[in-house]
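Here is how the chains run, residue by residue.
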Amino acid sequence: MNQLEILRFALRGLAANKLRSALTTLGILIGVAAVILLVAVGEGSSQSIQQNIQRLGSNTLTISPSFSGGGGGPGGGQGSAGPRTQARQLTVQDARALTELSSIKTVSPVVTSNAVAAVHEGASHSIAQLVGTYPSYFEAMNKPVTSGTYFVNDDVRAARKVMVIGRTVAEALFGLADPVGRSVSVSGVPFTVVGVLKESGSSGMQDGDDLAIAPLPAVQQSLTGFGSLGSIVVQATSAAATETAQAEVTTVLNQRHGVTSTTEADYRILNQATLQETVSAATGTFTVLLGAVAAISLLVGGIGITNIMLVTVTERTREIGIRKAIGAPRSAILGQFLLEATLLSLVGGLSGVLVAFVGTRFTIAGIEPVLVPSSVVLALGVSVGIGLFFGSYPANRAVKLRPIQALRHE
């Protein structure tokens with residue numbers, strides 16, 4: 001009996017019980033689709049986080065106050081060496097001191113005010129975040145404009161009431177009209193819009209376009225007062241100089257804030273490059289975990305194949321006995337049942353790949369899945385392997401049947 005005849009017998013055996021075959025492939029289909037889709041969701045989540053981090057640039061450091069314990073690590077560089085020093089807020093003077101460092105390109109002191117009421121000709125909107133800073137902030141945080149321009153250093157020195165707004169704010173207050181040159185009342189203080197930021201999209205539950213950026217003194221005069229800063233954004237001269245810049249910033253701030261080797265820093269430094277490496281490792285582990293969980297359904301599908309093939313062998317015992325009695329070799333019978341199990345897995349696997357491909361065209365839980373080719377190859381290969389593995393026991397059972405016993409089977 002040649003391979004073509006074995007294939008013909010296998011296909012005829014599967015076609016004899018179409019519903020049973022369809023239900024068996026369904027288990028494999030679900031398993032393969034689950035593996036590919038969950039890995040795609042994990043990869044999509046990872047890429048989304050990476051893109052959000054990369055927007056800030058690998059040479060950007062963000063310094064923020066730390067008054068709740070554990071301000072060291074990549075921040076103050078002090079770890080938990082001892083009790084906290086007398087806590088001091090970040091100030092404009094701290095920012096000015098950092099501008100003298102050779103590894104620093106720009107320094108942007110930042111104050112923020114949340115949920116600020118803005119009104120324009122009857123239209124009102126609560127701006128999620130109003131940022132007061134210097135013009136260098138736009139480059140450091142990678143915030144280009146699509147219309148108008150940025151404010152400049154002269155606007156900062158003169159404390160002019162000008163602002164650059166995000167797309168969400170522009171649409172809420174101006175609709176389809178051009179906002180540039182128009183006035184907006186922010187908490188009762190008139191500001192002139194000089195530019196509109198390029199759309200950046202949402203990050204989780206936060207709308208990245210629901211913000212406005214204005215000169216630091218103007219925001220301090222109108223909203224926050226001339227107190228402490230919310231953060232200081234530092235841009236190193238290059239990505240390679242980031243570690244040097246962090247070390248120099250730490251030295252200067254330790255001196256200014258009275259931090260010693262036995263005390264804990266009252267600030268922390270967020271290094272975007274370090275954060276990106278950490279997030280990459282974490283999301284990679286998360287993706288592997290999702291795939292492993294989904295793979296359990298593939299195992300369940302394999303058990304289903306075993307059960308179905310055992311039933312098939314039992315139902316076709318007399319057929320097996322007749323074929324062995326007329327001289328069918330063991331390899332032909334073994335090959336037929338193994339081929340049936342493999343075909344069930346292959347059809348289920350290919351169907352699962354198709355379902356997963358369609359599924360990745362849709363947003364899942366706010367995440368755009370990204371199809372990973374290696375997961376498709378792996379899931380499909382495992383599905384075929386499962387067919388061979390779980391089909392081997394029923395096939396061997398069929399081969400071991402003695403012709404006389406098989407012919408007597410009712």
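Now for a description of the structure that goes with this document. (Residues numbered from 1 in each chain as written. Predicted model: local features only at pLDDT ≥ 70, side-chain atom pairs only at ≥ 80, totals over all residues. Heavy atoms only, no water.)

**Some points on the overall build of the chain**
Here is the rule: Under the scheme used here, helices are H or I runs from DSSP no shorter than 4 residues and strands are E runs no shorter than 2 residues, and both carry numbers assigned from the N terminus. Think of it in three bands: with a 1.4 Å probe and only protein chains considered, a residue is buried below 20% of the maximum accessible area for its type, exposed above 50%, and partly exposed in between. What makes two residues a contact is simply this: any of their non-hydrogen atoms within 4.5 Å. To be clear on the numbers: accessible area is Shrake-Rupley with a 1.4 Å probe, and residue cover counts the displayed protein chains and nothing else.
Secondary structure summary: the chain contains 13 helices and twelve strands in total. Among the 410 residues that make up the chain, the fraction classed as buried is 45%. Partitioning the contacts of the chain with sequence separation of at least 6, the portion at a separation of at least 24 is 80%. Summed over its atoms, the accessible surface of the chain is roughly 19,600 Å², and 60% of this surface lies on carbon and sulfur atoms.

**Some remarks on the packing of aromatic side chains**
Centre distance and the angle of the planes are the two values used to describe a pair of aromatic rings. Quick note on the threshold: Two aromatic rings from Phe, Tyr or Trp, using only the six-membered ring of Trp, form a pair when their centres are within 6.5 Å; if the ring planes differ by under 30 degrees the pair is stacked, by over 60 it is edge-to-face, and anything between is tilted.
In total, this model carries two aromatic pairs according to the counting rule given. Between Phe-138 and Tyr-150 the ring centres are 4.5 Å apart and the planes differ by 40°, which places this aromatic pair in the tilted class. Placement of Phe-138 in helix H4 (residues 136–140) and of Tyr-150 in the loop between strand S4 (145–148) and helix H5 (153–157) is noted, with a sequence separation of twelve residues between them. What makes Phe-138 buried here is its relative accessible area of 3%.

**Details of the environment of Ala-341**
Secondary-structure assignment places Ala-341 in helix H11 (residues 330–359). The buried category is assigned to Ala-341, whose relative accessible area is 0%. For the pair Ala-341 and Gly-302, spaced 39 residues apart in the sequence, the C-alpha separation amounts to 9.4 Å. Excluding anything up to four places from it in sequence, Ala-341 contacts Ile-305, Met-309, Gly-387 and Gly-391.

**A few points about a nonpolar patch on the surface**
To keep things clear, this is the line we draw: Only residues whose relative accessible area exceeds 30% and that take part in no salt bridge are eligible for patches, with like-charged residues grouped when within 9 Å of each other and nonpolar side chains (Val, Leu, Ile, Met, Phe, Trp, Tyr) grouped when within 5 Å. The term salt bridge refers to a pairing of a side-chain nitrogen on Lys or Arg with a carboxyl oxygen on Asp or Glu at a separation within 4 Å.
Judged by side-chain polarity, Leu-354, Phe-357, Val-358, Phe-362 and Leu-371 come together as a nonpolar surface patch covering roughly 470 Å² of accessible area. Residue position: Leu-371 is located in the loop between H11 and helix H12 (373–400). What makes Leu-371 partly exposed here is its relative accessible area of 31%.

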